Amino acid sequence: MCQQDVELGWAMKTYDHAEIYFNLLCSVDPRLLKLTPMDDTVYQKFRGEFRDMKIDAVDEDQMKSKEGKEKWRPFCEEFKGIVEDYNFGTLMRIDSSQEYSEKNSTLVPRIQFLAIEIARNREGCNNGLQKKYRNKKQEITEDATAMS
């Protein structure tokens, strides 16, 4: 298997994960979603360490700056061996009010995605997605049906 095949497989897995997660957000009340068996611990440690972090629209530059990486690294490493694939590259939406897109996505370690998304779900940042995008998906389905 060549490097290009490995990268393509990884990219497909990452995209599939993002699509499944976004569909979940649009289908159920985000406050009821449980992303891991450790959600409470992840959330408490995240908000303990990143108390004032704005999560509705993350500052990607700050998060990925040298200082940001130095702050995130110990947090992420706390979950090594505890959260499966804690450092696996995962797509995260930058602005929680929008869907995944090239402009609204960034690649982060899985535990960083989980920490921010658990906080978004608990703090209400993802609440409007269900109404906003369920209607959009319904319109797309209706358009496709009308065309056939």
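Look up a bit, the structure's there.
Residues numbered from 1 in each chain as written. Predicted model: local features only at pLDDT ≥ 70, side-chain atom pairs only at ≥ 80, totals over all residues. Heavy atoms only, no water.

Undergrad: Explanation requested: the overall build of the protein in the structure shown.
TA: Each helix and strand counted, the protein has six helices and two strands in total. Traced from its N-terminal end to its C-terminal end, the protein shows the element sequence α-α-α-α-β-β-α-α. Within the protein, buried positions represent 36% of all 148 residues. Surface accessibility of the protein: about 9,300 Å² in total, with carbon and sulfur atoms responsible for 52%. (Helix = DSSP H or I, 4+ residues; strand = E, 2+ residues; numbered from the N terminus. Buried < 20%, exposed > 50% of the residue type's maximum accessible area, 1.4 Å probe, protein only. Areas by Shrake-Rupley, 256 points an atom, 1.4 Å probe, with all protein chains shown as cover.)

Undergrad: Hey, could you run me through the packing of aromatic side chains in this one?
TA: Geometry of an aromatic ring pair is reported as the spacing of the ring centres plus the angle between the planes. One pass over the full model with this rule turns up nine aromatic pairs. For the pair Phe22 and Tyr100, a centre-to-centre distance of 6.2 Å together with 80° between the ring planes defines the contact as edge-to-face. Of this pair, Phe22 sits in helix α1 (residues 3-27) while Tyr100 sits in the loop between β1 (89-93) and β2 (105-109), placing them 78 residues apart in sequence. Looking at Phe22, the relative accessible area reads 5%, which means it is buried. Taken together, Phe46, Phe50, Trp72, Phe75 and Phe79 form an aromatic cluster joined through their ring pairs. The aromatic ring of Tyr100 is capped on one face by Arg93, whose charged end is 6.0 Å from the ring centroid. (Phe/Tyr/Trp six-rings, centres within 6.5 Å; stacked < 30°, edge-to-face > 60°. Lys NZ or Arg CZ within 6 Å of the ring centre and 35° of its normal.)

Undergrad: Whenever I open this one, the nonpolar core confuses me. Can you help?
TA: Considering soluble globular proteins, one finds that nonpolar side chains tend to be buried as a cluster. Grouped together as the largest cluster of nonpolar side chains are 33 residues, with contacts concentrated most on Phe46, Met53, Met63, Trp72, Phe75, Ile111 and Ile116. Per element, the largest residue contribution to this core is seven residues, and it comes from helix α5 (residues 110-122). With residues near it in sequence (within four places) discarded, Ile111 still touches Val42, Phe75, Cys76, Phe79, Val83 and Tyr86. (Core = buried A, V, L, I, M, F, W, Y, C linked by side-chain atoms within 4.5 Å. Contact = heavy atoms within 4.5 Å.)

Undergrad: Could you clarify how one ought to interpret the environment of Val108 in this entry?
TA: Topologically, Val108 is positioned in strand β2. You can call Val108 buried: its relative accessible area is 2%. Residues Val108 and Gly89, spaced 19 residues apart in sequence, show a C-alpha to C-alpha distance of 5.5 Å. Residues in contact with Val108, not counting those within four places in the same chain, are Met63, Lys64, Phe88, Gly89, Thr90, Met92 and Phe113.

Undergrad: I would appreciate a short explanation of a nonpolar patch on the surface in the present structure.
TA: Taken together, the side chains of Ile20, Leu24 and Val28 make up a nonpolar region of the molecular surface, amounting to roughly 240 Å² of accessible area. Positionally, Val28 belongs in the loop between α1 and α2 (39-49). Note on Val28: relative accessible area 32%, which makes it partly exposed. (Patch = residues over 30% accessible without salt bridge, like charges linked within 9 Å, V, L, I, M, F, W, Y side chains within 5 Å. Salt bridge = Lys/Arg side-chain N within 4 Å of Asp/Glu carboxyl O.)

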